[in-house]
Number of protein chains: 2
Amino acid sequence: MDQKDSATIRVFSLNCWGVRYFSKRCTQRFTMIADMLLKEEHNIILLQEVWSEKDYLFLRKKLASSHSHCHYFKSGVIGSGLAIFSKYRIQDTLLYRYSLNGYPYMAHHGDWFGGKAVGLAILNIGTLTANVYVTHLHAEYSRERDTYLPHRVVQAWELQQFIRHTSAGADMVVLGGDLNMHPQDLGTRLLMSYTGLRDAYAEAEQFDGCDNGLTLILDNPFVSKKMVMPFERGIRIDYILFKVAQTFVLFQITISSQTLVLYFQGSCQADIHCAAMCTTKGSVSGHPLPYSDHEALTAELKLDAHAVPQAGGDFQSKSRHCSGDDVAKLVDILTEARTEVKVGIHCAERMRRTATRMVAMGLALLLLELAIAAVPWLALGAEQAFPHTSFYLLAALCFAILLGTSLLYVFYTMELKSLQGTEDQMRLAVGGLQEKLREFPVAQPGGTQKKPLEELEPNVFCPED
Amino acid sequence: MDQKDSATIRVFSLNCWGVRYFSKRCTQRFTMIADMLLKEEHNIILLQEVWSEKDYLFLRKKLASSHSHCHYFKSGVIGSGLAIFSKYRIQDTLLYRYSLNGYPYMAHHGDWFGGKAVGLAILNIGTLTANVYVTHLHAEYSRERDTYLPHRVVQAWELQQFIRHTSAGADMVVLGGDLNMHPQDLGTRLLMSYTGLRDAYAEAEQFDGCDNGLTLILDNPFVSKKMVMPFERGIRIDYILFKVAQTFVLFQITISSQTLVLYFQGSCQADIHCAAMCTTKGSVSGHPLPYSDHEALTAELKLDAHAVPQAGGDFQSKSRHCSGDDVAKLVDILTEARTEVKVGIHCAERMRRTATRMVAMGLALLLLELAIAAVPWLALGAEQAFPHTSFYLLAALCFAILLGTSLLYVFYTMELKSLQGTEDQMRLAVGGLQEKLREFPVAQPGGTQKKPLEELEPNVFCPED
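We now turn to the structure provided with this report. The residue count restarts for each chain, going from 1 along the sequence in the order it is written. In the order they appear in the text, chains get letters beginning with A and ligands get numbers beginning with 1. Two thresholds apply to this predicted model, a pLDDT of at least 70 for residue-level local features and 80 or more for giving and counting side-chain atom pairs, whereas whole-chain, interface and lining totals are computed over all residues. Only hydrogens and water are set aside; all other atoms, that is, all heavy atoms of the structure, feed into the side-chain values.

Scanning chain A for helices and strands turns up 10 helices and 18 strands. For each residue, the accessible area found with a 1.4 Å probe, counting protein chains only, is set against the maximum for its type, and the residue is called buried under 20%, exposed over 50%, and partly exposed in between. Within chain A, buried positions represent 53% of all 465 residues. Any two residues whose heavy atoms approach within 4.5 Å at even a single point are treated as in contact. Counted over contacts in chain A with a minimum sequence separation of 6, partners at least 24 positions apart contribute 74%. Comment: elements are numbered from the N terminus, with helices defined as DSSP H or I runs of at least four residues and strands as E runs of at least two.

Further remarks concern a nonpolar patch on the surface. A cluster of nonpolar side chains, namely Leu 403 and Leu 407 of chain A together with Leu 403 and Leu 407 of chain B, defines an oily patch on the protein surface of about 410 Å² accessible area. Residue assignment for the nonpolar patch shows that the elements contributing at least two residues are helix 9 (388-439) of chain A together with helix 9 (388-439) of chain B. With respect to the element layout, Leu 407 of chain B can be found in helix 9. A relative accessible area of 55% means that Leu 407 of chain B is categorised as exposed. Two distance rules govern patches: like charges are joined within 9 Å, and nonpolar side chains (Val, Leu, Ile, Met, Phe, Trp, Tyr) within 5 Å, applied only to residues with over 30% relative accessible area and no salt bridge. Each accessible area value is a Shrake-Rupley result obtained with a 1.4 Å probe; residue values ignore everything except the protein chains displayed when judging cover. Criterion for a salt bridge: a side-chain nitrogen of Lys or Arg within 4 Å of a carboxyl oxygen of Asp or Glu.

Turning next to the side chain of Ser 167 of chain B. Residue and element names in this part refer to chain B. Counting through the fold element by element, Ser 167 comes out in the loop between helix 3 (149-166) and strand 8 (172-178). A relative accessible area of 9% places Ser 167 in the buried class. Any pair of N or O atoms that falls within 3.5 Å is considered a polar contact. Within protein, one atom must be able to donate a hydrogen and the other to accept it, and sequence-neighbouring residues count only if both atoms are side-chain atoms. Engagement of the side chain of Ser 167 in a polar contact is seen with the backbone oxygen of Ile 163, the distance being 2.7 Å.

This paragraph deals with the pairing of strand 6 (residues 117-125) of chain B. Taken across its nine residues, strand 6 of chain B has eight buried, putting it largely inside the fold. Should DSSP find at least two bridges between two strands, the strands are regarded as paired. The hairpin turn running from strand 6 of chain B into strand 7 (residues 128-136) of chain B, its antiparallel successor, is two residues long, and Gly 126 of chain B in that turn takes a positive phi close to 60°.

Aromatic contacts are taken between Phe, Tyr and Trp rings whose centres are within 6.5 Å, Trp giving its six-membered ring; a plane angle under 30 degrees counts as stacked, one over 60 as edge-to-face, and the others as tilted. If you walk through the whole model with that rule in mind, you get 29 aromatic pairs over all chains. A ring pair is formed by Tyr 103 of chain B and Phe 411 of chain B, whose centres lie 5.8 Å apart and whose planes are at 65°; its orientation type is edge-to-face. Linking Tyr 103 of chain B in the loop between strand 5 (89-97) and strand 6 with Phe 411 of chain B in helix 9, this pair joins segments that are 308 residues apart in sequence. A network of ring pairs unites the aromatic residues Tyr 96, Tyr 133 and Phe 162 of chain A together with Tyr 96, Tyr 133 and Phe 162 of chain B as a single cluster.

Below, the discussion takes up the environment of Val 284 of chain A. All names here are of chain A. If you trace the backbone, Val 284 turns up in the loop between strand 16 (270-279) and strand 17 (297-306). Look at Val 284 and you get buried, because its relative accessible area is 12%. A C-alpha to C-alpha distance of 34 Å links Val 284 and Tyr 98, two positions 186 residues apart in sequence. Non-local contacts of Val 284, meaning those with residues more than four positions away in its chain, are made with Met 32, Leu 289, Pro 290 and Tyr 291.

Below is the structure:
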């Protein structure tokens, strides 16, 4: 009765480093990328840092024959940089802009101008619905003094929220992109444990690529030692993550005085695993330069779809957020994240206070100048007036200070609102989790709480008497 | 076998007009609102324009005994103004900021500074999950020359997208707020036909309120004739909309060589209808002034939940997007919306070109001034130099022009990106709908296409031979 459907989905992800007139050999590299993509024929291509629409249009033209469905996510001044090319029909798209993304005055870091976001494309893979997400989080410029950590934690929080809330109707979820976070970083743990996404690198049956799955390596000529410090060989910050829908639906029906209890997984059951994964290793054979400063990732996901869902089955092993330990772990991660966000709130408040003081100082300076200028004007007999040049220069300085610091005040207020909003949401989430935790039987330290799993007994067909 | 669960959910929505130091009698009105809410004991309270957090905290304190769950959505400089109070536990929240929301230089309209958004709160109502949305769209300042129409259409598009993509896991959906759109406006049609939300006013079995459900009326002393022009008595722009989950899931199972075909509606079937609705009518008995310039809305939603889903049933009457006519209607609305967005793109492009010209003019003026100033400096013999005061004033003017127009250029670029992004998404949606339309049999003009509904035959239990 089962119509078993097996498919291999090849997912590709690359941060293209496509800043025109700034990134080295940009045009040449995009030609190389297009040729490779045309040859490799991946099913889903997720690109980041395609900052110029011209480069996107170039890729679209080149890949028209192989990938007829594509979408470029527009956002901010220079765009979100996110693009998706697909062999499957794109049914719908949605973009979510992160509420925090660095500081405009840190122009040399440039993140603020990028309008970073997460893009969602809903694809039809046969009878299944796949939610494919592509994103790029704020860069980490210093491992020791990472001033952007609260911003990245907020982004990771918003990313997991967006994925969770939009994927309820999906049969499978794929996320690809440059997360700018190491595998054990707070944001990665927050994202993975909340969404239940699985790491293609960690689960791949076969792997061919850099040691430890590194994606920003010193062997790449575009990468400097400073970019990966204090790590000697490189870092892993690009990911392909995936999962199948894991909503359990319990149905109980009575047919001719017999009770049937059924458990279904999502709207259409599917099994997924990562058969193989590979990354580029700094250089590309036959080419003088690599595709980008990041390594390219390819994951081969094997999907076993059952057109008809199977009752019971091995759902127990895949059931998530069911054990008390899992919930306790989530509470720990959330507490850590809240601390980071609170540090951010503290910093933003301090900066806003400084901005307020600067506004006051600018005003005082202006008043002082006006007073000095007014003295000779009032004392009509005085011969020497305030020198014109100095007067205008000082006035211009005062206005510049007032304008700049007022803008900073507004900016820090917005930052504060976003951070406080996230903290509110996290507090709500911790409250909910703690309530859930109380429902579990007294914790056996180190042991997994079985109760909720036992409640979900598999596929029972029992006569009523 | 069915555990029938019936509940009445009283939903309240009000645009509070809470601009401190600007809105009339703000503090007094918030006290009135708090007293009324405490007395009325609505289940869900959706407020807009609570711009000051102090007012929210005041309401939270007053309603602590009656509504223990609440959330204030923080966004932008002065906040999103959105708040929710609930008798049900708030499980999770999410905020989506609209990508377009007026112009910063239209400071007297003030919408841009509001950071308008849609807030989502996920509530547990018994065994059901309710997605409750609260929003406030850009105001319409002139019916004849509505320059903000493309922005409002983009907001309506983003609102329906956000609701559709986040409500797949919900059993019921409620949206309350000030949409700033009339019932037959393009944005309202776009929102309602795409999401399938039903209008509480239109469906209410009993209604007590202003004629035609008006929510901004001349009888309200805070409302001027200009605000509702060219309509004589008032306009209807505030809504409470609702629906139950309508995902059909088809299951087919074999039990002891018998085939069972079942159709389920959502994860947990529920029926909903609006038993009663009422609005305030300009004044409040026993008080010298109304709660706000908008009228307050209360809808009584009757929810019949079945803990166990019923197979078959009356899904046919509720089935959405099934007929060719429905799809054709959606295509028409989308085409109209695309036209509006294209008008917006055209305007934004024209404004950006004007900004470019202004930047060029500012630069030319600066160069001219420098040239004039350089002449006496070069011709050393000249006696009369450029007068200092004029020089500095002119230079300041040039810099102000350059700064202002550059900012405008950046702003229009961002506006253009958002509009183009929406147009891309709409084009994708029209393409998908047209494909769906082709799947239907040749259209019988005026007649509803029955095929897909007939395919969904109710609850069949048939032996295999």
